[in-house]
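# A closer look at the structure
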Amino acid sequence: MKNESFEEKLEHSKALLEKLMKPDITLEESVKLYEEGLTTIKEAQKLIEEAKIKVSVIEQSNQDVSDA
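The following paragraphs examine the structure supplied in this document. Keep in mind that this is a model prediction, so the values were computed, not measured.

In this section: the overall build of the protein chain. Scanning the protein chain from N- to C-terminus turns up two helices and zero strands. On C-alpha atoms alone, the protein chain measures out to a radius of gyration of 18 Å, which is more than a quarter above the 11 Å that the 2.2 N^0.38 rule sets for 68 residues. Projecting the C-alpha coordinates of the protein chain onto the three principal axes gives extents of approximately 65 × 15 × 15 Å. Here the protein chain holds 68 residues, and 13% of them are scored as buried. Within the protein chain, contacts between residues separated by at least 24 positions form 58% of all contacts whose residues are at least 6 apart in sequence.

Attention now moves to the environment of Asn3. Secondary-structure assignment places Asn3 in the segment before helix 1 (6–20). When the C-alpha positions of Asn3 and Glu43 are compared, they lie 10.0 Å apart, and in sequence the two are 40 residues distant.

This brings us to the pattern of salt bridges. Enumeration according to the criterion identifies four salt bridges in this entry. Note that Lys9 is salt-bridged to Glu43, the shortest N-O span being 2.7 Å. Taken as a pair, Lys9 in helix 1 and Glu43 in helix 2 (residues 27–67) lie far apart in primary sequence, 34 residues in all. A relative accessible area of 2% places Lys9 in the buried class. Residues Lys14 and Glu11 are paired through a salt bridge, measuring 3.7 Å at the closest nitrogen-oxygen approach. Residue Lys14 and its partner Glu11 are both found in helix 1; the two are separated by three residues, about one turn of the helix.

On to the packing of helix 1 against helix 2, then. One can describe the packing of helix 1 onto helix 2 by two numbers: an axis separation of 9 Å at closest approach and a directional angle of 160°. Here helix 1 lies roughly antiparallel to helix 2, going by the angle between them. In terms of crossing hand, the pair formed by helix 1 and helix 2 is left-handed. Between helix 1, through Phe6, Lys9, His12, Ser13, Leu16, Lys19 and Leu20, and helix 2, the contact on the second element is made entirely by Ser30, Leu33, Tyr34, Glu36, Gly37, Thr40, Ile41, Glu43, Ala44, Leu47 and Ile48. Per-class residue counts for the contact of helix 1 with helix 2 are nine nonpolar, five polar and four charged.

Calculation rules
Residues numbered from 1 in each chain as written. Predicted model: local features only at pLDDT ≥ 70, side-chain atom pairs only at ≥ 80, totals over all residues. Heavy atoms only, no water. Helix = DSSP H or I, 4+ residues; strand = E, 2+ residues; numbered from the N terminus. Rg over C-alpha atoms; globule rule 2.2 N^0.38 Å. Buried < 20%, exposed > 50% of the residue type's maximum accessible area, 1.4 Å probe, protein only. Contact = heavy atoms within 4.5 Å. Salt bridge = Lys/Arg side-chain N within 4 Å of Asp/Glu carboxyl O. Axes fitted to C-alpha atoms, helices over the stretch in contact; angles between N-to-C directions. Parallel < 35°, antiparallel > 145°, perpendicular 65-115°, else oblique. Left-handed = near helix turned anticlockwise from the far one by under 90°. Nonpolar A, V, L, I, M, F, W, Y, C, P; charged D, E, K, R; others polar.

And the structure:
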């Protein structure tokens, strides 16, 4: 899971949610899926933050070139 793209992590999270919504899921399974889902979402959020930083660096670099 660690090498999944943001989009793959999002799809994985959706699949986990669908499993959690099944009425025949056991408590143990639901806790496991919930924990996995939280981990996946945190990883996706980290990818978003990294992308924001990259965009900020690119914008700053372009602004520095424009100011020169």
